[in-house]
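# Summary of structural features
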Amino acid sequence: AMAAPGQNVAVVVHRAGDLRLENRPIPEPGPNEVLLRMHSVGICGSDVHYWQHGRIGDFVVKDPMVLGHEASGTVVKVGSGVTHLKPGDRVAIEPGVPREVDEFCKTGRYNLSPTIFFCATPPDDGNLCRYYKHSASYCYKLPDNVTFEEGALIEPLSVGIHACKRAGVTLGSKVFVSGSGPIGLVNVIVAKMMGAAAVVVTDLSASRLKKAKEVGADFTIQVKNETPQEVASKVESMIGCMPEITVECTGVQACIQAGIYATRSGGTLVLVGLGPEMVTVPIVNAAVREVDIRGIFRYCNTWPVAIALLASKRVNVKPLVTHRFPLEKALEAFETTKRGEGVKVMLKCDPTDQSP
């Protein structure tokens with residue numbers, strides 16, 4: 001359905017399998033909020049999962065929810081208390097906004113705040129719509145040389161920044177990245193940026209591994225039906241030693257097992273991908289070899305870093321975008337993502353400006 005330009009078209013999931021284009025009222029920003037005309041919004045695996053299954057773990061879609069959380073746009077109206085932004089500013093949106101200053105916020109780990117607002121995580125609406133209001137403190141001005149699409153890609157890029165920091169990637173690190181989807185790829189990009197000497201990536205898909213090479217992976221391994229131990233030994237022979245760091249981006253049980261076996265004694269395994277709640281892993285193998293297993297939950301304090309990296313051209317995320325659709329073709333865009341085609345599918349929300 002086509003909507004008039006003044007209307008606020010939104011992509012809304014009602015329940016599992018039920019995705020609709022709807023008109024929503026244009027919101028009014030509060031004192032510390034800004035109203036944005038959205039420009040570019042990336043589709044994430046989690047958006048597709050909510051559409052297909054109506055839930056992720058304990059987060060259940062009970063009421064209609066606007067999808068989308070990888071986004072950038074232009075400020076069109078500012079609340080009375082906003083001083084750092086003005087209409088016309090191009091911004092990237094950090095989707096997680098703490099609702100209270102709790103102990104996690106005080107220590108700088110606000111992503112762990114249990115009451116945090118997060119775009120497109122039930123019951124909070126996302127920003128896959130024409131007009132969206134957001135906390136001004138979590139909208140970051142984009143320099144002129146950073147595109148809207150790069151601004152939207154800061155969200156997945158942030159996962160890589162947070163994961164590689166938690167992993168302790170540093171000058172000369174040998175890194176194994178398990179999985180070559182968008183999150184595997186941003187971890188490759190960030191690990192290389194942080195000084196990794198060798199990055200090896202595994203995936204089932206040859207085309208995804210080709211993309212990993214394109215963004216800077218040193219070695220790739222196409223996994224077919226090897227055991228986790230066999231995958232681990234392939235990783236070791238490929239880079240000539242066991243990696244000190246493994247970043248697991250699939251959540252698949254066999255891949256987590258391979259991650260433990262592959263990681264050098266005294267090294268670190270960071271679990272980024274999420275699969276079933278319970279997985280069977282060789283925990284004793286990890287324990288007796290002092291392999292540290294760390295989790296991550298989204299990211300925190302990454303937007304200023306990412307903007308600095310993009311503005312200085314130290315990282316290139318542009319190759320991640322493989323498909324673009326206007327907002328009216330959102331259902332087609334979601335089908336494309338679900339089929340696993342390409343890497344990152346980008347929705348263009350502004351009918352007057354479909355540029356990257």
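Quick caveat, the model's predicted, so the values are computed rather than measured.

What counts, and where the lines are drawn
Residues numbered from 1 in each chain as written. Predicted model: local features only at pLDDT ≥ 70, side-chain atom pairs only at ≥ 80, totals over all residues. Heavy atoms only, no water. Helix = DSSP H or I, 4+ residues; strand = E, 2+ residues; numbered from the N terminus. Rg over C-alpha atoms; globule rule 2.2 N^0.38 Å. Buried < 20%, exposed > 50% of the residue type's maximum accessible area, 1.4 Å probe, protein only. Contact = heavy atoms within 4.5 Å. Areas by Shrake-Rupley, 256 points an atom, 1.4 Å probe, with all protein chains shown as cover. Lys, Arg positive; Asp, Glu negative; His and termini not counted. Charge placed at Lys NZ, Arg CZ, Asp CG, Glu CD. Pairing = 2+ DSSP bridges. Axes fitted to C-alpha atoms, helices over the stretch in contact; angles between N-to-C directions. Domains from an automatic or database assignment. Salt bridge = Lys/Arg side-chain N within 4 Å of Asp/Glu carboxyl O. Polar contact = N/O pair within 3.5 Å; in protein donor to acceptor, adjacent residues only side chain to side chain. Nonpolar A, V, L, I, M, F, W, Y, C, P; charged D, E, K, R; others polar. Core = buried A, V, L, I, M, F, W, Y, C linked by side-chain atoms within 4.5 Å.

Looking only at helices and strands, the protein chain has 10 helices and 20 strands in total. Here the protein chain has a C-alpha radius of gyration of 20 Å; the compact-globule value for 356 residues is 21 Å, and the two agree. C-alpha atoms of the protein chain, sized along the principal axes, occupy 60 × 40 × 35 Å. Considering the protein chain as a whole, with its 356 residues, one finds that 54% of them fall into the buried category. The long-range share in the protein chain, meaning contacts at least 24 apart out of those at least 6 apart in sequence, stands at 68%. Accessible area for the protein chain stands at about 15200 Å²; split by element, carbon and sulfur atoms hold 55% of it. Treating the 38 positive side-chain charges of the protein chain as one cloud and the 36 negative ones as another, the clouds have centres 4 Å apart.

Judged by pairing direction, the sheet is antiparallel, and its three strands sit side by side in the order S2-S1-S6 without closing on themselves. At either end of the open sheet lies a strand with only one pairing partner, and these are strand S2 (18-24) and strand S6 (65-66). Both strand S1 (residues 8-15) and S6 contribute to a ladder of two bridges, which runs antiparallel. Pairing of Val12 across the sheet is with Val66, part of S6. Packing of helix H1 (residues 45-53) onto the sheet brings it into contact with S1, S2 and S6, and relative to S1 it is tilted by some 55 degrees.

On domain assignment, one finds that the protein chain holds domain 1 (8-141 + 317-348) and domain 2 (160-295). On the side of domain 2, 10 residues touch domain 1, which itself brings 10 residues to the contact. The interface formed by domain 1 and domain 2 contains zero salt bridges. Inspection of the domain 1/domain 2 interface yields two residue pairs in polar contact (both at pLDDT 80 or more). Looking at the side of domain 1 that touches domain 2, its residues break down into four nonpolar, four polar and two charged.

This paragraph deals with the environment of Gly251. Looking at the secondary structure, you find Gly251 in the loop between strand S16 (245-248) and helix H7 (253-262). Exposure remark for Gly251: the relative accessible area of 3% places this residue in the buried category. Along the backbone, Gly251 and Val279 are 28 residues apart, and their C-alpha atoms lie at a distance of 9.2 Å. Setting aside residues no more than four positions away along its own chain, Gly251 makes contact with Ile256, Gly273, Leu274, Gly275 and Pro276.

One finds Leu36, Leu320 and Phe334 to be the most contacted residues of the largest nonpolar core, which totals 91 residues. When residues of this core are assigned to their parent elements, the largest contribution, nine residues, is made by helix H3 (residues 148-167). Aside from chain neighbours lying at most four places away, what touches Phe334 is Val11, Leu19, Ile43, Asp47, Val48, Trp51, Leu67, Leu128 and Leu347. Ala198, Val223, Ala232 and Ala258 belong to the second-largest nonpolar core, a separate cluster that totals 11 residues.

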